[in-house]
Amino acid sequence: MLEVREVPGKGRGVFATRTITGGEVVLREPPLLLYPQQSTAAAFCSFCLRAFNSLEDSAAAVVPCGTCGRVGFCSSACAAAAAADVGSHCAAVCGLLAACNTAGLSDEQQTALQFLARCCALRQAAAAGDAAAAARCAAIAGLAAPPPLVPHPAEQQSAPGTGSNSSTDVVVRELHGRLSHALAAIGAGPAAALSPAEAAELLRKEATNGYGVMAPSAPDGERRIRGTALYAQASLINHECLPNVARFDRFDASSAPASSAPHPGANTAVEFRALHDIPAGEELTQSYFPLPWPLADRQQRCQEDYGFQCTCPRCKEEATWSDSEWEADGDAGMEDALAAEGAADGAACGHHSHQHDAPGGGPAAAEQEGGADPACISLFLLKYVCPAEGCYGTLAPLPPGAGAGDQYECNMCGRRRSEAEFMAELEAAQ
Ligand SMILES: [Zn+2]
Ligand SMILES: [Zn+2]
Ligand SMILES: [Zn+2]
Ligand SMILES: [Zn+2]
């Protein structure tokens, strides 16, 4: 149902090759790499990222790594799977992390070390003839990354003799130095070593393509990150601020029925579901951050973290709004949405379908079009943003045939709402 094509100005993108029904799972894929956030590593399995407090008998089940003592596993099956997986907490990665001086490193830097250590182990295994490790190295190398930032001339002048001194370079040099020491300390072969430029490139790929896997909200409402997942295919789905697919993960899904022993890592696949019907030929898009974010925040995140300027129909339209229109939108959102509702097909706003029905349609044509209709933006946000206080998750229909009728499900908190309930809420707010 999908194909990968070049998108002018955007690199590769994923397109529907047939009509996709709202709620359909368009992509389901296990991670290429999965690694814990250092600051929360005591609470989540370092192989599958399952929350220890989601286990039925957590005290009995948690298996700490006996070698480095820095991470734990949700079961002995996961501990064994991690040890056997060169891209996980195998002996090489464990030894490397244990040998690495992490004094003074931030949580982010220590998490970056988890990633780089896995890359080193995979390279070493690939060089020793492990075909699966070589394929994973190639998949990581194939992830897109923005080009390195060109240092500002003024910065170069202020730091004579050191070349560029951007903060990114300093961080990479520091991590690279500590990793190189650790590699030498454990007697790793030359194949495992990374040059500073290779480390920098890997970290850019990680920053651009890594999904932050979030923990369930704490009682205080704060939501912590449990780790990072890199996916080969999911990373190809480009961003839009009115996306047509949403990501679902199930890291804490209860284990398989007691009759069959759960396969370690079975909870780590990511799933993308269509928010509404998607016509053949349309590009699949996801939002890289919560849908309700205001324009300035979205633009900044796209630019700084992903290296592109978002020119999607929503951004184009919102860029034309004056301050008073932003305020008015808050009050009149429901009315706008109701006005648009007549034009909508009941599943999504018209903009999505007419945009791609245009002759010579497709992303290039869509790029040239104007902004989204303001009422469509309002309806979209009311319909697809989770109404739970402070959630900011995205609602997508349950897969067809799930026996749940017209239910939508939040990808963050799991809350459900039916189409009929949504319509009733819209009417009540009028
Ligand atoms: Zn586990
Ligand atoms: Zn260990
Ligand atoms: Zn946008
Ligand atoms: Zn929610």
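Residues numbered from 1 in each chain as written. Chains lettered and ligands numbered in written order. Predicted model: local features only at pLDDT ≥ 70, side-chain atom pairs only at ≥ 80, totals over all residues. Heavy atoms only, no water.

The name given to the chain in an unreviewed UniProt entry is SET domain-containing protein, and the organism recorded there is Chlorella variabilis.

Peer 1: For this particular structure, what's the right way to read the coordination of the zinc ion (ligand 3)?
Peer 2: Four donors placed tetrahedrally about a metal ideally form angles of 109.5 degrees, and six donors placed octahedrally ideally form angles of 90 or 180 degrees. Here the zinc ion (ligand 3) is held by C241 (SG), C310 (SG), C312 (SG) and C315 (SG), and the distances to it run 2.3 Å. Around the zinc ion (ligand 3), the four donor atoms are arranged such that angles at the metal cover 102 to 114°; this shape is classified as tetrahedral. Each donor residue of the zinc ion (ligand 3) belongs to the same chain, with the gaps between them written as C-x68-C-x1-C-x2-C. C312 matches C310 in its accessibility class, with the two residues each being buried. (Donors = N, O, S within 2.8 Å, 3.2 Å for Na, K, Ca; no water. Tetrahedral: all angles 85-135°; square planar, octahedral: opposite > 155°, others 65-115°. Buried < 20%, exposed > 50% of the residue type's maximum accessible area, 1.4 Å probe, protein only.)

Peer 1: Please explain helix α9 (residues 295-306) as it appears in this structure.
Peer 2: One full turn of an α-helix is made of 3.6 residues, so residues set three or four places apart face in the same direction. A rise of 1.5 Å per residue sets the reference length of α9, with its 12 residues, at 16 Å; its end C-alpha atoms lie 16 Å apart and thus fit the reference within 8%. Among the residues of α9, L295, R298, Q299, C302 and Y306 are the ones counted as buried. Angularly, the buried residues of α9 cover 100° about the axis, an arc narrow enough to put them on a single face. Residues of α9 that are exposed and point more than 90 degrees away from the buried face comprise A296 and E304. Trailing α9 by a residue or two, G307 shows a phi angle of about 70°, which is positive. (Helix = DSSP H or I, 4+ residues; strand = E, 2+ residues; numbered from the N terminus. Expected span 1.5 Å × (residues − 1). Arc of directions from axis to C-beta.)

Peer 1: Can you walk me through the nonpolar core in this structure?
Peer 2: Nonpolar side chains in soluble globular proteins generally cluster together in the buried interior. Counting 34 residues, the largest nonpolar core has F115 and L179 as its most contacted members. Ranked by residue count, the leading element in this core is helix α4 (residues 107-127), at 10 residues. Not counting residues within four places of it along the chain, the set of residues in contact with L179 comprises L96, C100, L113, L116, C120 and L194. The next biggest cluster of nonpolar side chains, apart from the first, holds 21 residues, and it includes V14, L27, L34 and V270. (Core = buried A, V, L, I, M, F, W, Y, C linked by side-chain atoms within 4.5 Å. Contact = heavy atoms within 4.5 Å.)

Peer 1: Honestly, the pattern of salt bridges in this entry has me stumped. Any pointers?
Peer 2: Side-chain pairing between opposite charges can occur once the charged atoms of the two side chains come close. Enumeration over the complete set of coordinates arrives at 16 salt bridges. Between E174 and R178 there is a salt bridge; the shortest N-O distance is 2.6 Å. Here the residue E174 and the residue R178 both occupy positions in helix α7 (residues 167-185), the gap between them amounting to four residues, near one helical turn. What makes E174 partly exposed here is its relative accessible area of 35%. (Salt bridge = Lys/Arg side-chain N within 4 Å of Asp/Glu carboxyl O.)

Peer 1: What am I meant to see in the coordination of the zinc ion (ligand 4) here?
Peer 2: Every protein donor of the zinc ion (ligand 4) is accounted for by C386 (SG), C391 (SG), C410 (SG) and C413 (SG), and the metal-donor separations fall at 2.2 to 2.3 Å. Around the zinc ion (ligand 4), the four donor atoms are arranged such that angles at the metal cover 102 to 117°; this shape is classified as tetrahedral. In the primary sequence, the donor residues of the zinc ion (ligand 4) line up as C-x4-C-x18-C-x2-C. Of this pair, C386 sits in the loop between α14 (374-384) and β13 (395-397) while C413 sits in the loop between β14 (407-410) and β15 (416-418); the two residues are 27 residues apart in sequence, bridging distant segments of the chain. Assessed through its relative accessible area of 5%, C386 is described here as buried.

Peer 1: Before we go on, may I ask you to explain the side chain of E318 in this structure?
Peer 2: Within the secondary structure layout, E318 lies in helix α10 (residues 313-318). Taking relative accessible area as the criterion, E318 reaches 3% and is therefore assigned buried. If we ignore the near neighbours within four places in the chain, the residues touching E318 are L295, R298, W326 and I377.

Peer 1: Can you help me understand the environment of F248 in this one?
Peer 2: By the element assignment, F248 lies in strand β10 (residues 245-249). For F248, a relative accessible area of 6% puts it in the buried group. For the pair F248 and A396, spaced 148 residues apart in sequence, the C-alpha separation works out to 9.3 Å. If sequence neighbours within four positions are ignored, F248 has contacts with A269, V270, E271, R273, T394, A396, E409, C410 and N411.

Peer 1: What am I meant to see in the pairing of β14 here?
Peer 2: Every other side chain in a regular strand lies on the same face of the sheet, so the side chains alternate between the two faces. The pairing of β13 with β14 spans three bridges and is classified as antiparallel. Residue pairing in the sheet places P397 in a bridge with Y408 of β14. In the sheet, β14 pairs with β15 via three bridges, with the strands oriented antiparallel. The partner of Q407 across the bridge, within β15, is S418. (Pairing = 2+ DSSP bridges.)

Peer 1: Just to check I follow, could you spell out helix α3 (residues 91-99) for this structure?
Peer 2: Those residues of α3 lying buried are V93, C94, L96 and L97. Across the axial projection of α3, the buried residues extend over an arc of 165°, all falling on one side. Elements in contact with the buried residues of α3: α4 and α7.

Peer 1: Even after reading the chapter, I still don't get the sheet that holds β10, so can you show me in this structure?
Peer 2: In a beta sheet, neighbouring strands are held together by backbone hydrogen bonds and run either parallel or antiparallel to one another. Across the sheet, which stays open at both edges, the three strands sit in the order β3-β11-β10 with antiparallel pairing between neighbours. Every interior strand has two partners, whereas the edge strands, β3 (25-29) and β10, have only one. Taken pair by pair, the neighbouring strands of this sheet meet at an average axis angle of 20°, ignoring direction. Pairing analysis gives five bridges linking β10 to strand β11 (residues 270-274), with the strands arranged antiparallel. In the strand pairing of β11, D249 is matched with V270. (Axes fitted to C-alpha atoms, helices over the stretch in contact; angles between N-to-C directions.)

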